[in-house]
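Below are the chains, spelled out letter by letter.
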Amino acid sequence: MLRLFADHERRLVQDLCGIWDFALTPDRQTVPDEFPERMPVPGCYDAMPAHLDYRGPAAYRTWFETDARRHRLVFEGVSHIARVLVDGQPVAWHSGAFTSFHVDLPAGIPGRHELVVLVDNSFDAEASPLHYSYFDWYTYGGIIRPVALHRLPPVWIEQMTVQTQDWRAGGLNLHIAWSREADAPTEVEVVVLVDGEIVVKEPLACPEVAGSLEIPAIVPDPKPWSPAEPNLHTVQVRLGEDDLIERIGLRDVRVEGTQILLNDEPIYLAGVNRHEAHPQFGHSLPPELMLADIQWLKKLNCNFVRGSHYPQDVRFLDLCDEQGLLVWQEATSWQARPDHLSDPAFVAAQLQCIDEMVAQSINHPSVIMWGILNEAASDDPTTRPAYERLLGRLRELDPSRPVTYASHRHLTDQHFDLADIISLNIYPGWYFANLETMTDWLDNLMQGLKERGWDKKPLIFSEFGAGAIYGWHDARNGKWSEPYQAKLLDIALNWMIAQPQVAGTAIWQFCDCLSSPERATGRPREFNNKGLLDEYRRPKLAFDVVREIYARAIKR
Ligand code: ADA
């Protein structure tokens, strides 16, 4: 299942998900002679019992059929590196686990084709600059998100971006990029339907082989989108024989002083951080589990999720659109160092990740802000050009959403002037200070922000929390016990929601997730145990504490 709604009515899309042939390979160039095993797509080979924790290359194989038309293979995510071969010929290479890419097979080669995908989850900074072994989360390997085959008509739509111009009156601007075969007609009809009603019908001259057009449109019966009433509208564009349907929400998000305004009203973001991970499925959560996660979030009285630390699956965003959850969508990164940020290859990989993330998530009303570079070296002046470049690219691609980055450099940070929202990852009561002294530490932090003039923008506490082993209680209620975590979050959250500058909180974290072997010391069970639920989604004591505080926070 590729999306949670039909996104094409005319274009033929074949879901290639299922059980594919599989084999380990000695390197990411070699196609094995035999494929003796089977593997789910989407899925993570190193989360499957046969290859638990395996780091290295592997090969997947399946077959598909085409007629004489051009076809497009769409991969929603392959971790970390993908080399795609059709009928033995290399046709694509992609690096970066959590974003979509595609490859076109030209018209005129009808028949049955062999598709082989060589996948590598090895840590190789040169081939895959976004993924490192030192991360505090386990990056699983495999074809982790769906794969589909699109049959493209002579003129086809590449992408449609829908920007809301007027959320009250339903004013939209559609940007539609198209391409055509060299011998295709040079004029086609463009029809735009909003909620099934034709609002635009006009001819499009397409003398070139690719181009784009801007079309203003009005939603006939506009209803705004908000967490309380997540009304969705459908926008369908038909271009010749092709079409594309997007679901949109009419809403506006902006920053004013220290507030985040949603549809002109200040909103408190009551949230958690969420890794897309599960012991059985790795990064490839089935939609059932995505929905279960959302139901847990709603139970917790959350209205906000920070997608840590990579772009979340678009099907999860589809559900957030439907359920009225607000999302911080973040490009893949974790504690990048100055040498990373001054490396052109690293910056280029970040830019590619940003471009692909924005392309795949820009039409989701749930996405209300973009984030980059979790906990990078933002206290080092040499890293400023990288921050300028990456935040600049986000603003260029999408001027309609605020941008931010989660900093753990606190009062020594150098780049807060570049962000719309100041986001701080802090762990008082856990890595430093204790339950008695943590609010003093927090008071000092606020004072420091004020002295530096950083009290004029909204502040999100983008991480804070404590480790708790599910079911662990002891006489002292010490660290790693459920009561300690519950107490720490009680103190922290009650203090935070009382600060006028604090526009939101994202607790670290929604549920426990596997960490990397390099972090095993200090990570009992090799897990990051700061979840409000454990990795099997069993709630800990802190769950009800947070639920009660967030019920108050969202009314603030
Ligand atoms: C950081 C980091 C998280 C996690 C957390 C922790 O803030 O961004 O991914 O590692 O620390 O548990 O210490």
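Conventions adopted
Residues numbered from 1 in each chain as written. Predicted model: local features only at pLDDT ≥ 70, side-chain atom pairs only at ≥ 80, totals over all residues. Heavy atoms only, no water. Pairing = 2+ DSSP bridges. Helix = DSSP H or I, 4+ residues; strand = E, 2+ residues; numbered from the N terminus. Axes fitted to C-alpha atoms, helices over the stretch in contact; angles between N-to-C directions. Near = heavy atom within 4 Å. Polar contact = N/O pair within 3.5 Å; in protein donor to acceptor, adjacent residues only side chain to side chain. Areas by Shrake-Rupley, 256 points an atom, 1.4 Å probe, with all protein chains shown as cover. Nonpolar A, V, L, I, M, F, W, Y, C, P; charged D, E, K, R; others polar. 1 Å grid on protein atoms, 1.4 Å probe; cavity = no way out; pocket = protein on both sides within 12 Å on 5 of 7 lines; lining within 4 Å. Points joined across faces, edges and corners; volume = space filled by probe spheres on them. Domains from an automatic or database assignment. Expected span 1.5 Å × (residues − 1). Buried < 20%, exposed > 50% of the residue type's maximum accessible area, 1.4 Å probe, protein only. Arc of directions from axis to C-beta. Contact = heavy atoms within 4.5 Å. Phe/Tyr/Trp six-rings, centres within 6.5 Å; stacked < 30°, edge-to-face > 60°. Lys NZ or Arg CZ within 6 Å of the ring centre and 35° of its normal. Core = buried A, V, L, I, M, F, W, Y, C linked by side-chain atoms within 4.5 Å. Buried area = accessible area lost by both parts, 1.4 Å probe. Salt bridge = Lys/Arg side-chain N within 4 Å of Asp/Glu carboxyl O.

## Remarks on the sheet that holds strand 28 (residues 422-425)
Taken together, 8 strands build a closed barrel; the order of strands is 23-24-25-26-27-28-29-30 and the barrel is parallel. In this sheet, neighbouring strand axes are inclined to one another by 25° on average, regardless of whether the strands run parallel or antiparallel. Here strand 24 (residues 304-307) runs beside strand 25 (residues 326-330); their pairing, made up of 3 bridges, is parallel. By the bridge assignment for strand 25, Arg 306 is matched with Trp 328.

## Quick word on the site of the ligand
Taken together, 13 residues surround the ligand, and among them Asp 136, Glu 375, Tyr 431, Glu 463 and Lys 530 come closest. The separation between an oxygen atom of the ligand and a polar side-chain atom of His 309 is 2.7 Å. Glu 375 is positioned with one of its side-chain polar atoms (N or O) 2.4 Å from an oxygen atom of the ligand. If the ligand stood free it would expose 320 Å²; the protein chains cover 96% of that surface. Here the shell around the ligand is built from residues that sort into 4 nonpolar, 4 polar and 5 charged.

## Concerning the layout of surface pockets
Once rolled over the atoms, a probe with the size of a water molecule shows which space is left empty. Estimated volume of the largest pocket: approximately 780 Å³. In terms of lining, the largest pocket is formed by 31 residues, of which the most central are Val 74, Glu 76, Ser 100, Glu 158 and Gln 159. Among the elements of the structure, strand 5 (70-75), strand 9 (101-105), strand 12 (147-152), strand 13 (155-166), strand 19 (242-248) and helix 4 (344-361) are those that each provide at least two residues to the lining of the largest pocket. Its residues placed into classes, the lining of the largest pocket shows 14 nonpolar, 9 polar and 8 charged. Counting the residues that make up the lining of the largest pocket, at least three belong to each of domain 1 (18-145) and domain 2 (155-248).

## Quick word on helix 5 (residues 384-397)
The end-to-end C-alpha distance of helix 5 is 20 Å, a good match for the 20 Å that 14 residues give at a rise of 1.5 Å each. Along helix 5, the residues classified as buried are Ala 386, Tyr 387, Leu 390, Leu 391 and Leu 394. All buried residues of helix 5 fall inside an arc of 110° around its axis, so they share one side. Of the residues in helix 5, the exposed ones pointing more than 90 degrees away from the buried face are Pro 385 and Glu 396. Its buried side turned inward, helix 5 meets helix 3 (338-341), helix 4, strand 26 (367-372) and strand 27 (403-407).

## Quick word on the packing of aromatic side chains
Across all of its chains, the model carries 25 aromatic pairs by this definition. Pairing Phe 98 with Tyr 310 gives two aromatic rings, centres 3.9 Å apart and planes at 10°, and the pair type is stacked. Within this pair, whereas Phe 98 is found in the loop between strand 8 (89-95) and strand 9, its partner Tyr 310 is found in the loop between strand 24 and helix 2 (314-323), the two being separated by 212 residues in sequence. By relative accessible area, which is 0% here, Tyr 310 ends up buried. Lying over the aromatic face of Trp 430, Lys 479 brings its terminal NZ or CZ to 5.3 Å of the ring centre.

## Focus: the sheet that holds strand 2 (residues 18-24)
Read across the sheet, 6 strands follow the order 3-2-4-10-7-8 without closing on themselves; strand pairing throughout is antiparallel. The sheet is open, and its two borders are formed by strand 3 (37-41) and strand 8, each paired with just one other strand. Neighbour to neighbour, the strand axes of the sheet diverge by 30° on average, direction disregarded. As judged from the 4 bridges shared by strand 2 and strand 4 (residues 57-66), these two strands associate in the antiparallel manner. For Phe 22, the partnering residue across the bridge sits in strand 4 and is Tyr 60.

## A few points about the nonpolar core
Core analysis: the largest hydrophobic core is formed by 101 residues, its most contacted members being Ile 372, Leu 424, Phe 461, Phe 464, Ile 507 and Leu 532. No other element matches helix 7 (residues 482-497), which puts 10 residues into this core. Formed jointly, this core draws a minimum of three residues from each of two domains, domain 1 (18-145) and domain 3 (268-356 + 365-379 + 403-553). With residues near it in sequence (within four places) discarded, Phe 464 still touches Ile 426, Tyr 427, Leu 489, Ala 492, Leu 493, Met 496, Thr 505, Ala 506, Ile 507 and Trp 508. Counting residues in hydrophobic clusters, the runner-up holds 26 residues, among them Trp 178, Leu 213, Leu 239 and Ile 248.

## A look at the domain arrangement of the protein
Split by domain assignment, the protein resolves into domain 1 (18-145), domain 2 (155-248) and domain 3 (268-356 + 365-379 + 403-553). Of note, the centres of domain 1 and domain 3, computed from C-alpha atoms alone, are 30 Å apart. Each side of the interface is counted separately: domain 1 has 24 residues, and domain 3 has 36 residues. In total, about 2,600 Å² of surface goes out of reach between domain 1 and domain 3, with carbon and sulfur atoms giving 58% of it. Taken as a group, Tyr 134, Asp 136 and Trp 137 account for 29% of the area that domain 1 buries against domain 3, more than any other trio of residues on that side. At the surface where domain 1 touches domain 3, the tally comes to 3 salt bridges. The closest approach of N and O atoms between Glu 276 and Arg 145, which form a salt bridge, is 2.8 Å. Put simply, domain 1 and domain 3 have 18 residue pairs in polar contact (both at pLDDT 80 or more) between them. In terms of residue class, the side of domain 1 that touches domain 3 is built from 13 nonpolar, 8 polar and 3 charged.

## A short note on the pairing of strand 14 (residues 171-180)
The buried fraction of strand 14 amounts to 9 of the 10 residues, a majority that puts the element mostly inside the structure. Pairing between strand 13 and strand 14: 10 bridges, direction antiparallel. Bridging across to strand 14, Met 160 finds its partner in Ile 176. Relative to strand 17 (residues 210-218), strand 14 runs antiparallel, the two being bridged by 9 bridges. In the sheet register, Trp 178 faces strand 17, and the bridge partner there is Gly 211.

## Let's talk about helix 8 (residues 542-553)
The terminal C-alpha atoms of helix 8 lie 16 Å apart, and with 12 residues this matches the ideal 16 Å at 1.5 Å per residue to within 8%. Where the residues of helix 8 are buried, they touch strand 23 (269-274), helix 1 (287-299), helix 7 and strand 30 (502-507).

## Remarks on the environment of Asp 379
With respect to the element layout, Asp 379 can be found in the loop between strand 26 and helix 5. Separated by 34 residues in the primary sequence, Asp 379 and Asp 413 have C-alpha atoms spaced 4.3 Å apart. Those residues in contact with Asp 379 that lie beyond four places of it in its chain are Arg 409, Thr 412, Asp 413 and Gln 414. There is a polar contact of 3.0 Å between the side chain of Asp 379 and the side chain of Arg 409.

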